[in-house]
Amino acid sequence: MNRLSGLLASVAVLAIAAPAVAQTTADASAPAPAPITQADQTVPADNAGADGSQGTPADIVVLGFGQSRQVQSVSAVDLARLTPGSSPLKAIEKLPGVNFQASDPFGAYEWAVRISLRGFNQNQLGFTLDGVPLGDMSYGNVNGLHISRAIISENVARTEVAQGAGALGTASTSNLGGTIQFFSDKPRDTLNVTGGGTYGSDNTYRGYARLDTGDLGGGLKGYLSYGYLTTDKWKGDGVQRQHQANGKIVKDLGSFGSLSAFVNFSDRREQDYQDLSYDIIRRRGLRNDNIADNYPLALQIGKTYQNQAALASYTKANNGSSVGFVAPWAGVGTTFPTGFGTVDDAYFDAGGVRRDYLGGVTLNANLTPELTMVTTGYYHDNKGQGSWITPYSPTAAGALNRDGSAITAPSPLGFRTTEYSIKRGGALSNIAYETGANTVEVGGWLETNTFTQARRFYGMTDSATPNRDVLEFQKNPYATQWDGKYGTDTMQYHVEDTLKLAGDRLIVNAGWKGAYVVNSATMLPDTTSPLAVGRISAKDWFQPQAGILFKLTPAAEIFADYTENMRAFVSSATTGPFAATQAGFNAVRGRLKPERSKTAEGGVRLHSGPFQASAVGYYVDFSNRLLAFANGVGILGNAPTLNNAGSVRTYGAEVSANYRVFRPLSLFASYSYTNAEYQDTVTDASGSVQVRKGDTVVDTPKHMVKGEIVLEQSGFTGRVGADYMSKRYFTYLNDQSVPSRVLVDASIGYRFEGDGPLHGVAIEGNVTNLTNKKYIATVGSNGFTASGDNQTLLAGAPRQFFVSLKKGF
């Protein structure tokens, strides 16, 4: 007990941060409780063999040897080379086919984070953590949560990317274009404390601490960990901060298997960056942002805007004459302050608040020598709020403050929120029976999700300082535009057979999955302007998948696979079929079809000594594409127009190679070519062309090149990574695009490996955007339009510096 107290005291002195050391082979990869096909298990993720296996844990990337699909992964070793607190998504951006965008150095600011695979955007992919579904990880997520909230990044042992076809048993009804699966770390076998601290640009403070119990007897072990991040925005005024806590426990059941459970908590509060357009960038630059530090200026802009609107209405009613016009805000006029051209140049403030609890229990059972079962039950509770303070919803006298007191005078500003609540629970199970060369698997997934979403308005004052904070959950609204209760019931099953032939040189697997998802919507009584209500479903009981793997030699293999997938509808007021008027929903409900994809791919993998490589070509037929056209600027929140809009044909190639020049030095490089084109011309009700056949899919670069150099020797570590992406369109008619860019990150560190008091201590420096590139990071933050400029861009962070002190016992 004295020893434990001393260890905890040492961690407290360090001010806590990221784990100091690379995981051991046993700890660097956790078994997935989700159903995994036998072909997927042919080579364990932490196998260090030299005969075509996936390589050692120190390899930069694991290239998926032994699998009949394009699957690649990165380990905790790789994530530890990044700035502590970085999203696990940032670690996989180097992989071929992965288009990752973020406007902050950590890749954790959710409004800006986007990830796509082979032209499929984020809400067309599948995401899981230890098999538990994370939904589509979109901002304002309606059926899950973002990985940056689901788990502390230091506790991620492995991230696996299937660029084309996820495993049949993946718990997702959105994985048209592949899956990204995260696996949490295992508890250590011995008592262990890890911690450290990070400080860097923009007053960044990052802390992490973890206590592993070691074996408490009878194979029972666990860990508790805590992570904290606070940082100022790199432009404008505001902060982004997060508290996280993770707990995990595992009980070894001997020959019968194991039982594990986890509980994760996150409280994230972040002030937003302002969305940009090319017009705003030309006039005010990439550093234009909200004016959260200047409430009087925000009031002046609001009053000017409303005077302009009143004048326009008056002159229209009086045949163009302004004689007799009286401005609603006297003494302000109709001209914006110097440097401001429109009311959308800068709002006062905006923010996102999310609080999540996620827990799960997994039984991994060996029922007989031939029969195994993996079953997971889980529950997720979320409360969230997204806020904008703008002149679009002015406050009338009589509205209430957060404390319940009355606002006595009108204000040109109003506080608009979108409020979220998720309560979802489910279970998934997989049974595998192995007999001779044959393995048969059957599995299923059930989930029920109750999601509530509301659009509310809160009062702001006309005073020297603001009366509300976007980082707090709000109280006392003066109006509720809509308040909906949305249900999603999901049923999915899969069947698969894997056959090993020719001494395991030939592996053939085939099977199918089926899914039935029922979506419903009702409006609650406090709604003043209701959206659509009703019921819609997506059903397909037969979605086939087949793959083949042939080992040409112990160091070379070829593979091919084919898969079909369906993406179910989502139940929400801001996306999907219910994000429309009742008339709009009634018009499309009978003919709206769920999106579908058919993917074929094939490739080769090579492993010869220190060199390993993979090359794949693919073709995708994406049909029944759902297209939601934005109506007006994002802040207005107008109901979008949703329809099936034809198909997309995509073909491309991906090449990646990892070369360990000598033991301390590793090189990794990948190249991706993606040609994704619309196959149909789409017009709106007036006959205007919205999408043109042959144009490139928005936010889909044709070329991506990534490279990384890692040097590790006698405790010293150095890393340099570069990422090139060609231009991306942000209009369907391809008349607006953002240019190509190259980003470079680097890190350097030293770890004391000898005996003595400094054993396990490491110091590390990280630099993001090393060349200080000025660039547009995210496109489509407010959706995409047919043509023309749109306030839907976010600037990337400039060069940032961080230093970390880490300690592992």
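All values reported here derive from a predicted model rather than from experimental measurement. (Residues numbered from 1 in each chain as written. Predicted model: local features only at pLDDT ≥ 70, side-chain atom pairs only at ≥ 80, totals over all residues. Heavy atoms only, no water.)

1. A short note on unusual backbone geometry
Threshold: Burial classification: accessible surface area is computed with a 1.4 Å probe over protein chains only, and a residue below 20% of its type maximum counts as buried, one above 50% as exposed, and the rest as partly exposed.
Although it is not a glycine, Asn476 sits at a positive phi angle of roughly 65°. Its relative accessible area of 26% is what places Asn476 among the partly exposed residues. Here Asn624, not a glycine, exhibits a phi torsion of approximately 55°, which is positive.

2. A short note on the nonpolar core
Proteins that are soluble and globular tend to have nonpolar side chains buried together. Convention followed: To qualify as a nonpolar core, a set must consist of buried Ala, Val, Leu, Ile, Met, Phe, Trp, Tyr and Cys residues joined through side-chain atoms within 4.5 Å. The contact criterion used throughout is that any non-hydrogen atoms of two residues lie within 4.5 Å.
The biggest cluster of nonpolar side chains holds 70 residues, and the ones touching the most others in it are Leu89, Leu134 and Ile180. The residues touching Ile180, leaving out its near neighbours within four places in the chain, are Leu89, Ile92, Ile115, Leu117, Gly126, Phe127, Thr128, Thr159, Glu160 and Val161. If you look at the next biggest cluster of nonpolar residues, it comprises 25 residues, including Phe451, Met523, Phe585 and Val588.

3. Things to note about the pairing of strand E14 (residues 371-390)
One face of the sheet, then the other: side chains in a regular strand alternate in exactly this way. Counted only if it meets this: Put simply, DSSP H or I for four residues or longer makes a helix, DSSP E for two residues or longer makes a strand, and each gets a number counted from the N terminus. Between any two strands, pairing holds if DSSP finds at least two bridges.
Summarising burial for E14: 14 of the 20 residues are buried, a large majority. With 18 bridges joining them, strand E13 (residues 349-366) and E14 adopt antiparallel strand pairing. Following the sheet pairing, Arg354 is matched in E14 by Gly384. What sits between E13 and E14 in their antiparallel hairpin is a turn of four residues.

4. Examining empty space enclosed by the protein
In this approach the atoms are scanned with a rolling probe the size of a water molecule, which exposes any empty space left behind. Threshold: Grid points spaced at 1 Å over the protein atoms alone were grouped into cavities, where a 1.4 Å probe fits but cannot get out, and pockets, open sets with protein on both sides within 12 Å along at least five of seven lines, with lining residues defined by an atom within 4 Å of a point. Grid points are joined across faces, edges and corners, and a volume is the space filled by probe spheres set on the points.
Counted by the stated rule, this structure contains 15 cavities of 30 Å³ or more. Space inside the largest cavity adds up to approximately 370 Å³. The wall of the largest cavity is formed by 27 residues, among which Lys90, Glu93, Asp723, Leu743 and Asp745 lie closest to the centre. Going through the elements one at a time, helix H3 (88-91), strand E2 (98-101), strand E29 (703-713), strand E30 (716-725) and strand E33 (741-751) are the ones with two or more residues in the lining of the largest cavity. In this structure, the second largest cavity encloses a volume near 210 Å³. Gly135, Asn143, Thr173, Trp445 and Thr490 are, among the 23 residues lining the second largest cavity, the residues nearest its centre. Breaking the lining of the second largest cavity down by element, the ones donating at least two residues are strand E16 (438-459), strand E17 (479-501) and strand E18 (506-523).

5. Thoughts on the packing of aromatic side chains
Test applied: Here a pair means two rings of Phe, Tyr or Trp (six-membered ring of Trp) with centres within 6.5 Å. Their orientation is stacked below 30 degrees between planes, edge-to-face above 60, and tilted elsewhere. Charges are assigned to positions over rings by a cutoff of 6 Å between ring centre and Lys NZ or Arg CZ, combined with an angular limit of 35 degrees from the ring normal.
Under the definition given, this model contains 27 aromatic pairs. Consider the rings of Trp111 and Tyr139, whose centres lie 4.9 Å apart with planes at 85°: the pair is edge-to-face. Highlighted residues: Trp111 in the loop between E2 and strand E3 (114-117) and Tyr139 in the loop between strand E5 (132-133) and helix H4 (147-150), separated in sequence by 28 residues. Across from the ring centre of Tyr618, 4.0 Å away, lies the NZ or CZ of Arg118, which sits over that ring.

6. A word on the side chain of Arg118
In plain terms, the rule: Between N or O atoms, a polar contact is any pair within 3.5 Å; within protein, one atom must be a potential hydrogen donor and the other a potential acceptor, and residues adjacent in sequence are included only when both atoms are from side chains.
Relative to the helices and strands, Arg118 is located in the loop between E3 and strand E4 (126-129). A distance of 2.8 Å separates the side chain of Arg118 from the side chain of Glu654, its partner in a polar contact. With near-sequence residues (within four places) excluded, Arg118 lies in contact with Gln70, Gly97, Gln163, Gly164, Thr599, Glu601, Val616, Tyr618, Thr650, Glu654 and Thr674.

7. Side note on the pattern of salt bridges
Close approach of charged atoms allows side chains of opposite charge to pair. What counts is decided by this rule: Between Lys or Arg on one side and Asp or Glu on the other, a salt bridge is scored when a side-chain nitrogen of the former is within 4 Å of a carboxyl oxygen of the latter.
Considering all chains together, one arrives at 38 salt bridges under this definition. A salt bridge links Arg210 to Asp185; the shortest N-O distance between them is 3.2 Å. Remark: Asp185 occurs in the loop between strand E7 (179-184) and strand E8 (192-200) and Arg210 occurs in strand E9 (residues 204-212); sequence separation between them is 25 residues. Assigned by exposure class, Arg210 and Asp185 land together as buried. A salt bridge links Glu419 to Arg456; its shortest N-O distance comes to 2.8 Å. With a gap of 37 residues between them, Glu419 in strand E15 (residues 414-435) and Arg456 in strand E16 connect regions that are remote in the sequence. Summarising the burial analysis for this pair, Glu419 and Arg456 share the class buried. Among the charged side chains, a network of salt bridges with common partners joins Asp78, Arg81, Lys94, Glu708, Glu712 and Arg719.

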